[in-house]
Amino acid sequence: EVHKMGSPLPFSIDPCLHRGHILILDDEVPLGEMLAEFLNILGYQTEICSNAPVALSLIQEKDFDLVISDFRMPCMNGEQFFKQLTAQNPDMATRVIFVTGDTVGAEADLFFKCNSVLCLTKPYTLPAIQKVVADRLENPRSRDSETLSR
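Residues numbered from 1 in each chain as written. Predicted model: local features only at pLDDT ≥ 70, side-chain atom pairs only at ≥ 80, totals over all residues. Heavy atoms only, no water.

1. What about the overall build of the chain?
Regarding its fold elements, the chain presents five helices and six strands. The linear arrangement of helices and strands in the chain, starting from the amino end, is β-α-β-α-β-α-β-α-β-α-β. The buried share of the chain, taken over its 150 residues, is 43%. Total accessible area computed for the chain in this model is approximately 8,000 Å², and 51% of it derives from carbon and sulfur atoms. (Helix = DSSP H or I, 4+ residues; strand = E, 2+ residues; numbered from the N terminus. Buried < 20%, exposed > 50% of the residue type's maximum accessible area, 1.4 Å probe, protein only. Areas by Shrake-Rupley, 256 points an atom, 1.4 Å probe, with all protein chains shown as cover.)

Now the structure itself:
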């Protein structure tokens, strides 16, 4: 049994669908590890990185189906990371989901809309992550952009 906490999972798991290789970029390592553990339970292969420049190198070396990145990070924020990522690999532009614990200001909101990037606010629920990951992997070319709470 995968879940041993004594209570049923608050979401359904279909181990045959939506598998993919996901890079998790978060400067808060415990949050990245928690997200990776959840996605691993769902059948995704994950790698965790806490540094945006290192994440860009990993993306050059390996094929990722999706990147889930914190938006507010030291050294390089999410917008800077996205610009460098899409400059080196334009196909990744529709395969990024940002998460943030901050209130999204008008400038960041404009960035998300102009680049068709999803942003999920922390604290997010596990079913919300499950849904946006599955949706983005099913339809990476979707031009939908929104900031989602929980």
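2. Some details on the confidence of the model for the chain
Averaged over all residues, the pLDDT of the chain equals 81, while 79% of them reach at least 70. When mean pLDDT is taken per element in the chain, strand β1 (residues 21–25) scores highest with 96 and strand β6 (residues 147–149) scores lowest with 46. Ignoring residues within four places in sequence, the model shows residues 1–8, a span with pLDDT below 50, making two contacts including any to other chains. This model gives residues 143–150 a pLDDT under 50, and the stretch forms 28 contacts once residues within four places in sequence are excluded. (pLDDT = per-residue confidence, 0-100. Contact = heavy atoms within 4.5 Å.)

3. Description of unusual backbone geometry
In this model, Cys75 sits at a positive phi of 75°, which is unusual for a non-glycine residue. For Cys75, a relative accessible area of 76% translates into the label exposed.

4. Details of the pattern of salt bridges
Within the structure shown, the criterion is met by four salt bridges. In this structure, Lys83 and Glu79 form a salt bridge, with 3.3 Å as the shortest nitrogen-oxygen distance. Here Lys83 pairs with Glu79, and both are found in helix α3 (residues 78–88), just four residues apart, close to one helical turn. (Salt bridge = Lys/Arg side-chain N within 4 Å of Asp/Glu carboxyl O.)

5. Observations regarding the packing of helix α1 (residues 29–41) against helix α5 (residues 126–138)
Interhelical geometry of α1 versus α5 gives an angle of 65° and a closest axis separation of 11 Å. Judged on the interaxial angle alone, α5 and α1 are roughly perpendicular. Both α1 and α5 take part in a crossing whose hand is right-handed. Here Leu35, Phe38 and Leu39 of α1 come into contact with α5, specifically with Leu126, Ile129, Gln130 and Val133. Partitioning the contact of α1 with α5 into residue classes produces six nonpolar, one polar and no charged. (Axes fitted to C-alpha atoms, helices over the stretch in contact; angles between N-to-C directions. Parallel < 35°, antiparallel > 145°, perpendicular 65-115°, else oblique. Left-handed = near helix turned anticlockwise from the far one by under 90°. Nonpolar A, V, L, I, M, F, W, Y, C, P; charged D, E, K, R; others polar.)

6. With respect to the pairing of strand β2 (residues 45–49)
Here β1 runs beside β2; their pairing, made up of five bridges, is parallel. Note that in β2 the partner of Ile24 across the bridge is Ile48. Note that the unit made of β1, α1 and β2 has a crossover that is right-handed. (Pairing = 2+ DSSP bridges. Right-handed = clockwise from strand over helix to strand, strands pointing away.)

7. Section: empty space enclosed by the protein
Applying the stated criterion across every chain, the model contains one cavity of 30 Å³ or more. Space inside the largest cavity adds up to approximately 40 Å³. Around the largest cavity, the lining residues are Ile24, Leu25, Asp26, Leu31, Gly32, Leu35, Ile68, Ser69, Asp70, Val99 and Tyr124. In the lining of the largest cavity, the residues fall into seven nonpolar, two polar and two charged. (1 Å grid on protein atoms, 1.4 Å probe; cavity = no way out; pocket = protein on both sides within 12 Å on 5 of 7 lines; lining within 4 Å. Points joined across faces, edges and corners; volume = space filled by probe spheres on them.)

8. Observations concerning the pairing of β1
Extensive coverage of β1 is indicated by the burial of five of its five residues. Side chains His21, Leu23 and Leu25 project from β1 onto one buried face, and the interleaved Ile22 and Ile24 project onto a second face that is buried too. Bridging between β1 and strand β3 (residues 66–70) involves four bridges; their strand directions are parallel. Of the residues in β3, the one forming a bridge with Ile22 is Leu66.

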